[in-house]
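Coordinate analysis (summary)
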Amino acid sequence: AGAGLAAFEEPSLPLPEGAQTLVYRATDLLGHVAEAAVAVRVDNTPPAIAVSIGGPKVAAGSVTYVTSATPITASAVDAGVGVATFEEPEYPLAEGVRTLTFRATDLLGNEAVTSITVVVDNTPPTTTLVVDIKDTTGTVLIPESRIVLDAEDAPAGGASGVGSMTFSIDGETEVEYSAPFMPR
């Protein structure tokens, strides 16, 4: 310390998070005291990021399937000094496995990063119809004909799976398909 100055030591304990009043004093060698106070707010906490996935979506275990039209929204809040920047992916999403990263920074530079992974499936399933017995011309069903329906959902990058199979005859009421059937 120089003439008339006393050494100042840095506090050994960090200030707790939140609003604080810092009081500081100086005392000269004759015992005169000067005191002042300043209000400070300690903010070491990054913003909180919330992500919401709308519909259509299908959750299967740890995998979430969506379409390019599925709304995915995110927001960031900071109870301390406020959010300075918020970054999110560009939409719409291309088909396949996609990792979406959201990043928020508050005014003090505290940063939060949240990522989610979704499988974008815009491809409808493929369907096939197999008739195992036909008449000799191959175009007319006979009572012994067995009709089998099949569907597969397997685009590149992952598929949500076949949810249901239905059929109708001549535009009548749709019926849930569960097993091969014969015409009557």
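The structure under discussion appears in the preceding block.
Just so it is clear, the model here is predicted, and its values are computed rather than measured. (Residues numbered from 1 in each chain as written. Predicted model: local features only at pLDDT ≥ 70, side-chain atom pairs only at ≥ 80, totals over all residues. Heavy atoms only, no water.)

**What to know about the nonpolar core**
The biggest cluster of nonpolar side chains holds 14 residues, and the ones touching the most others in it are I72, L100, F102, I116 and V118. Elements represented by at least two residues in this core include exactly β3 (48-53), β6 (72-77), β8 (96-106) and β9 (111-120). The element best represented in this core is β9, accounting for four residues. In contact with V118, not counting residues within four places along its chain, are I53, T64, V66, L93, G96, V97, R98 and L100. Listed in part, the six residues of the second largest apolar core include V131, I147, A151 and Y177. (Core = buried A, V, L, I, M, F, W, Y, C linked by side-chain atoms within 4.5 Å. Buried < 20%, exposed > 50% of the residue type's maximum accessible area, 1.4 Å probe, protein only. Helix = DSSP H or I, 4+ residues; strand = E, 2+ residues; numbered from the N terminus. Contact = heavy atoms within 4.5 Å.)

**Focus on a nonpolar patch on the surface**
Nonpolar side chains collect at one region of the surface, where L22, Y24 and V38 lie side by side and expose about 260 Å² of accessible area between them. The class for V38 is partly exposed, based on a relative accessible area of 35%. (Patch = residues over 30% accessible without salt bridge, like charges linked within 9 Å, V, L, I, M, F, W, Y side chains within 5 Å. Areas by Shrake-Rupley, 256 points an atom, 1.4 Å probe, with all protein chains shown as cover. Salt bridge = Lys/Arg side-chain N within 4 Å of Asp/Glu carboxyl O.)

**Things to note about the environment of P92**
Looking at the secondary structure, you find P92 in the loop between β7 (83-87) and β8. Given a relative accessible area of 61%, P92 falls into the exposed group. Between the C-alpha atom of P92 and that of A69, which follows or precedes it by 23 residues, the distance is 7.1 Å.

**Thoughts on the pattern of salt bridges**
Applying the stated criterion across every chain yields a total of three salt bridges. Notably, a salt bridge pairs R103 with E87, separated by 3.9 Å at the nearest N-O pair. With R103 in strand β8 and E87 in strand β7, this residue pair connects regions lying 16 residues apart in the sequence. Owing to a relative accessible area of 29%, R103 belongs among the partly exposed residues under this scheme. What makes E87 partly exposed here is its relative accessible area of 45%. Through salt bridges with shared partners, one network takes in E87, R103 and E111.

**Some details on the packing of aromatic side chains**
On inspection of all chains with the given rule, the structure shows three aromatic pairs. Aromatic pair Y177 and F181: ring centres 6.4 Å apart, planes at 65°, arrangement edge-to-face. Chaining the aromatic ring pairs together yields one cluster made of F167, Y177 and F181. (Phe/Tyr/Trp six-rings, centres within 6.5 Å; stacked < 30°, edge-to-face > 60°.)

**Some thoughts on the sheet that holds β7**
An order of β4-β5-β9-β8-β7 is seen for the five strands of this open sheet, with the pairing classed as mixed. At either end of the open sheet lies a strand with only one pairing partner, and these are β4 (57-60) and β7. In this sheet, neighbouring strand axes are inclined to one another by 30° on average, regardless of whether the strands run parallel or antiparallel. Bridge analysis of β4 against strand β5 (residues 63-66) gives four bridges, and the strand direction is antiparallel. Within the sheet, the bridge partner assigned to A59 lies in β5 and is T64. (Pairing = 2+ DSSP bridges. Axes fitted to C-alpha atoms, helices over the stretch in contact; angles between N-to-C directions.)

**Notes on the side chain of D106**
Note on placement: D106 falls in strand β8. No salt bridge forms around the buried D106; measuring N to O, its nearest opposite-charge neighbour R41 is 9.3 Å away. A polar contact is formed between the side chain of D106 and the backbone nitrogen of L108, at a distance of 2.9 Å. Filtering out sequence-adjacent residues up to four positions away, D106 remains in contact with D43, T45, P47, D78, V81, G82, V83 and A84. (Lys, Arg positive; Asp, Glu negative; His and termini not counted. Polar contact = N/O pair within 3.5 Å; in protein donor to acceptor, adjacent residues only side chain to side chain.)

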